[in-house]
Amino acid sequence: MQFTPHHPLIAPFITGVVVQKFIIISIAEKNIMLPPNTATRFSLLKIITAGDALLVIGIVAISIFSLRSIAASKKAGQTVRIEVAGSLKHQFSLSQHQEIAVTGPRGKTIIQIDSGSVQVTYSDCPDQICVKTGRIRHAGEMIVCVPNQVVVKIEGERKQPLDVITE
């Protein structure tokens, strides 16, 4: 009797055959013989080599370092710029606490500035993606309502590391 696991990441690499009360599992061309009751809970540690473990640890370390450096490069914005249909309608400091209503081609959009951040609280657009975006507070971040043609953009000094230095 043949069996194949249903997990999409594991299925291409694992196949098994039941032979006289034992399951022979082929994983990446390595055969492991297990009793039937342990076939679904066998340990991958038996087939992972030291090189595999080092590769996984290296990828995790690079990922953590990348995420920390991206988070460190963000600076809080100073002003919020509100554009409707490509033209500037309002520009406010993020330190002001207020609610602004702007009218776009599809209707009204309400924008709230509070505690150094900005968010769209209401819009007449069908999908409400601009409302679901939530609060933004860092320079360079923006909320866009495409159907209503409203762009809320935070401006300020952007602290970005050098990409390339050329002569």
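Residues numbered from 1 in each chain as written. Predicted model: local features only at pLDDT ≥ 70, side-chain atom pairs only at ≥ 80, totals over all residues. Heavy atoms only, no water.

Caption draft 1: Looking closely at the overall build of the chain. Check the secondary structure of the chain and you find two helices and 11 strands. What you see in the chain, going N to C, is helices and strands ordered as β-β-β-β-α-β-β-β-β-β-α-β-β. Here the chain holds 167 residues, and 25% of them are scored as buried. Counting only contacts in the chain whose residues sit at least 6 apart along the sequence, the fraction spanning at least 24 positions is 26%. Total accessible area on the chain is roughly 11600 Å²; 60% of this is exposed by carbon and sulfur atoms. (Helix = DSSP H or I, 4+ residues; strand = E, 2+ residues; numbered from the N terminus. Buried < 20%, exposed > 50% of the residue type's maximum accessible area, 1.4 Å probe, protein only. Contact = heavy atoms within 4.5 Å. Areas by Shrake-Rupley, 256 points an atom, 1.4 Å probe, with all protein chains shown as cover.)

Caption draft 2: The sheet that holds strand β7 (residues 98–104), seen in detail. The three strands lie next to each other as β7-β8-β9, forming an open sheet whose pairing is antiparallel. Where the open sheet ends on each side, the last strands, each with one partner, are β7 and β9 (117–123). In this sheet, neighbouring strand axes are inclined to one another by 25° on average, regardless of whether the strands run parallel or antiparallel. (Pairing = 2+ DSSP bridges. Axes fitted to C-alpha atoms, helices over the stretch in contact; angles between N-to-C directions.)

Caption draft 3: Just the pattern of salt bridges, in detail. Taken as a whole, this structure holds three salt bridges when the rule is applied. Between Glu155 and Arg81 there is a salt bridge, with its nearest N and O atoms 4.0 Å apart. With Glu155 in strand β11 (residues 150–155) and Arg81 in strand β5 (residues 79–84), the pair connects residues that are 74 residues apart, well separated along the chain. Between Lys153 and Glu83 there is a salt bridge, with the nearest N and O atoms lying 3.9 Å from each other. In this pair, Lys153 is assigned in strand β11 and Glu83 in strand β5, connecting sequence segments 70 residues apart. Take Lys153: its relative accessible area is 24%, and that puts it in the partly exposed class. In this structure Glu83 comes out as buried when scored by relative accessible area, which is 13%. (Salt bridge = Lys/Arg side-chain N within 4 Å of Asp/Glu carboxyl O.)

Caption draft 4: Layout of the environment of Lys108. By the secondary structure assignment, Lys108 is in strand β8 (residues 107–114). A sequence separation of 17 residues divides Lys108 from Cys125, and the C-alpha atoms of the two residues are 8.8 Å apart. In contact with Lys108, other than residues within four places in its own chain, are Ala101, Val102, Tyr122, Ser123, Asp124 and Asn148.

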